[in-house]
Amino acid sequence: MKKIYIFILIILLVVIVITPRLIFKSDTLTYDSVSDTLDNYYIDLSNIDSSYDYNNSILTIKKSGNYYLTNELDGSIVINSSGIVYLTLDNVTINSLTSYAINVTNASKVVINILDETVNTLSSTLINDEVNATIYSNSNLIITGCGNVNITASDNGIYSKGYIQILSGNMNINSNNEGIKAKDYLAIKSGNININSNSNGIKSSDGYILIDDANITINSNNDAIESYDITIENGVFNLTTKSSSESSKAIKASNLVTINGGEFYINSTDDSIHSNSSVIINGGTYTISSGDDGIHADNYLEINNGNINIKNSSEGLEASKITINEGTIYVNSTDDGININSSSSDSILTINGGYINVSSDGDGLDSNNSILMTNGIVIVNGPVSNSDGAIDYDGTFKITGGTLIASGSSGMLQGVSTSSTQYSLTINFGSKKEANSTVSIMDGDGEVLTFAPSKTYSSIVISTPSLNIGTYYIYVDGKSTSSSLDGVYELGGYNGMLYKTVDINSYVTTVGNINMPVMGGKKRR
């Protein structure tokens, strides 16, 4: 019997722990737009019946029930009930000059149903209050329906001191402060949400944000989506932030950002995706233009899949520790492409797979500690300036598999470390070569690798499973008749000028003058 009690106790503890995350996935799906168990009330807002509590342009709803609203009201609706209130908007216009358009002072739950094929307009003017919103709720708030609602707010658009669940609907919100804000969690199952705000777009103060699948467009002065934890399962996101003096990130979490899928089109003046702790990306497609970092985590960044195109950034990927397991990643940066900004012993850039293409004005791959590459393809078109390098590390760069091609300047040239277990060539040409001029590595059987850097370069680091002990021939300034992807040519069509013959007899082979030791790093930050 004691074992049974212990088992039941464990089950209860599990339920208690996971219930907050399951509310959106299970409980909200049971809600209908109206309830058959409650009384129905039909209210023409242009001609409110005397049986209702209506004074000084304020309609007060005190009973639990299904309320169907239609027509126009210059005033506001107050819900003060001990029960559940379902509010259905049927081509409603509510304009409040002194207060909230809809004000929930008390209710166990409020469901706002935006009736299908209707257009509803809600607006409010700033009042002298602690928090103001066009839709304001002291209770939990649920929004559903497939109609349209246009919200204009001199302060917040929608605000709840409880949670907010958006099951569906088409919303256009123009707010002078925040678009949608919940003190507790904010969950969005589906819908089309368009927000223009002078502060944050969507925010949860003390809880989390969970987005299952929605089409969300946000133009905000500050952060577009902000919370402690943010989880995105799917959807389409067009996020634009504008402030140059305040936090203006597209997706920002204090703790954890987890993205499992979706389409993201981000143009931010600050970091595009940011966490004060960790970011985990499991999928999705991303087109990013950032005024600062493309994806930044103070502690840990993990990319397990996805198609990421960081078209503009200061630094493309930045964290204290980065692990890339899979995915297609393009980075264009004015500073470092991928940056490990900590020198602690576990601060490592680990590349286990994926296709990574970096074009950087600063360092291409930069670690204040070490780099480990076990698989994948990495192409770096690094800096032209001799004060930066295509590869920059302070500890070691160990490569055990995959393909690495890193071209750039030669002033701070580093290859991979002698601890590597895959063969490499580090070449300093001693003079600049023009952008798109080819370099080809051949053995006795023909081409091993042919590459045309997209920028001026004077050095190149190559490591591929095709290199082994033996004699190789370095050709330059030639042409290839084969097709190419990102400067890497298919083998068999190259004809050029022999530059050097080199014998590879150890894992690290250098050609030309290498100013910095290939086994170690440099500290210049």
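Bear in mind that the values here come from a model prediction, so they are computed numbers and not experimental data. (Residues numbered from 1 in each chain as written. Predicted model: local features only at pLDDT ≥ 70, side-chain atom pairs only at ≥ 80, totals over all residues. Heavy atoms only, no water.)

S.K.: Would you mind going over the overall build of the chain with me for this structure?
M.R.: Regarding its fold elements, the chain presents one helix and 52 strands. Within the chain, residue pairs in contact and separated by at least 24 positions form 49% of the contacts whose partners lie at least 6 positions apart. When the accessible area of the chain is evaluated, it comes to approximately 20,600 Å², of which 47% is carbon and sulfur surface. (Helix = DSSP H or I, 4+ residues; strand = E, 2+ residues; numbered from the N terminus. Contact = heavy atoms within 4.5 Å. Areas by Shrake-Rupley, 256 points an atom, 1.4 Å probe, with all protein chains shown as cover.)

S.K.: Help me understand the pattern of salt bridges, please; the structure alone is not making it clear to me.
M.R.: Any two side chains of opposite charge can pair, so long as their charged atoms come close to each other. Under the defined criterion, the tally for this structure stands at nine salt bridges. A salt bridge links K183 to D206; its shortest N-O distance comes to 3.1 Å. With K183 in the loop between strand 16 (180–182) and strand 17 (186–188) and D206 in the loop between strand 19 (202–204) and strand 20 (208–211), the pair connects residues that are 23 residues apart, well separated along the chain. We note a salt bridge from K249 to D270, for which the minimum N-O separation is 2.9 Å. Taken together, the residues K249 in the loop between strand 23 (236–241) and strand 24 (251–259) and D270 in the loop between strand 25 (263–268) and strand 26 (273–275) connect sequence positions 21 residues apart. Grouping residues by exposure puts K249 and D270 together as buried. Overlapping salt bridges bring together E178, K181, K203 and E226 as one network. (Salt bridge = Lys/Arg side-chain N within 4 Å of Asp/Glu carboxyl O. Buried < 20%, exposed > 50% of the residue type's maximum accessible area, 1.4 Å probe, protein only.)

S.K.: Explain the packing of aromatic side chains to me, please; I cannot follow it from the model alone.
M.R.: To describe a pair of aromatic rings, you give the distance between the ring centres and the angle between the ring planes. For the coordinates displayed, the defined rule picks out 13 aromatic pairs. Between the aromatic rings of Y41 and Y67, the centroid separation amounts to 4.7 Å while the plane-to-plane angle is 15°, which identifies the pairing as stacked. Taken together, the positions of Y41 in strand 1 (residues 40–44) and Y67 in strand 4 (residues 65–74) put the pair 26 residues apart, joining distant regions of the chain. Each member of the pair, Y41 as well as Y67, carries the same accessibility label: buried. Ring centres 4.7 Å apart and planes at 15° place the aromatic pair Y42 and Y68 in the stacked group. Here Y68 lies in strand 4 and Y42 lies in strand 1, a separation of 26 residues in the sequence. What makes Y68 partly exposed here is its relative accessible area of 23%. Linked through ring pairs, Y100, Y136 and Y159 together constitute an aromatic cluster. In this structure, K433 is placed above the aromatic ring of F429, and the distance from its NZ or CZ to the ring centre is 5.3 Å. (Phe/Tyr/Trp six-rings, centres within 6.5 Å; stacked < 30°, edge-to-face > 60°. Lys NZ or Arg CZ within 6 Å of the ring centre and 35° of its normal.)

S.K.: Teacher, can you tell me more about the confidence of the model for the chain here?
M.R.: Caution is warranted with low-pLDDT regions, since their predicted coordinates should not be read in detail. Taken over all residues, the pLDDT of the chain has a mean of 91, while the share at 70 or more is 90%. Overall, residues 1–33 carries pLDDT values under 50, and its contacts beyond four positions in sequence, including any with other chains, amount to 30 contacts. Low pLDDT, under 50, characterises residues 517–525; the stretch is placed with 40 contacts to residues that sit more than four places away or in other chains. (pLDDT = per-residue confidence, 0-100.)

S.K.: What should I look at first to understand the side chain of S137 in this one?
M.R.: Looking at the secondary structure, you find S137 in strand 10 (residues 133–137). Its relative accessible area of 0% is what places S137 among the buried residues. Ignoring anything within four residues of it in the chain, the contact list for S137 reads V104, Y159, S160 and K161.

S.K.: I would appreciate a short explanation of the environment of K321 in the present structure.
M.R.: One can find K321 in strand 33 (residues 321–324). Given the relative accessible area of 32%, K321 is considered partly exposed. Residues K321 and N369, spaced 48 residues apart in sequence, show a C-alpha to C-alpha distance of 9.7 Å. Not counting residues within four places of it along the chain, the set of residues in contact with K321 comprises N299, Y300, L301, I340, D346 and I348.

S.K.: Even after reading the chapter, I still don't get the side chain of S272, so can you show me in this structure?
M.R.: Relative to the assigned elements, S272 resides in the loop between strand 25 and strand 26. Of the polar contacts made by the side chain of S272, one reaches the side chain of S268; its length is 2.9 Å. In contact with S272, not counting residues within four places along its chain, are A250, I251, I266, I288, S289, S290, D293 and G294. (Polar contact = N/O pair within 3.5 Å; in protein donor to acceptor, adjacent residues only side chain to side chain.)

S.K.: Teacher, can you tell me more about the nonpolar core here?
M.R.: Proteins that are soluble and globular tend to have nonpolar side chains buried together. One finds L45, I158, I180, I295, L317, F397 and L404 to be the most contacted residues of the largest nonpolar core, which totals 99 residues. Counting residues per element, this core draws most heavily on strand 6 (residues 84–96), at five residues. Contact partners of I158, with chain neighbours within four places excluded, come to A133, I135, L141, I143, I151, I164, M171, I173, G179, I180 and K181. In this structure, V439, I441, L467 and V476 belong to the second largest nonpolar core, which totals 22 residues. (Core = buried A, V, L, I, M, F, W, Y, C linked by side-chain atoms within 4.5 Å.)

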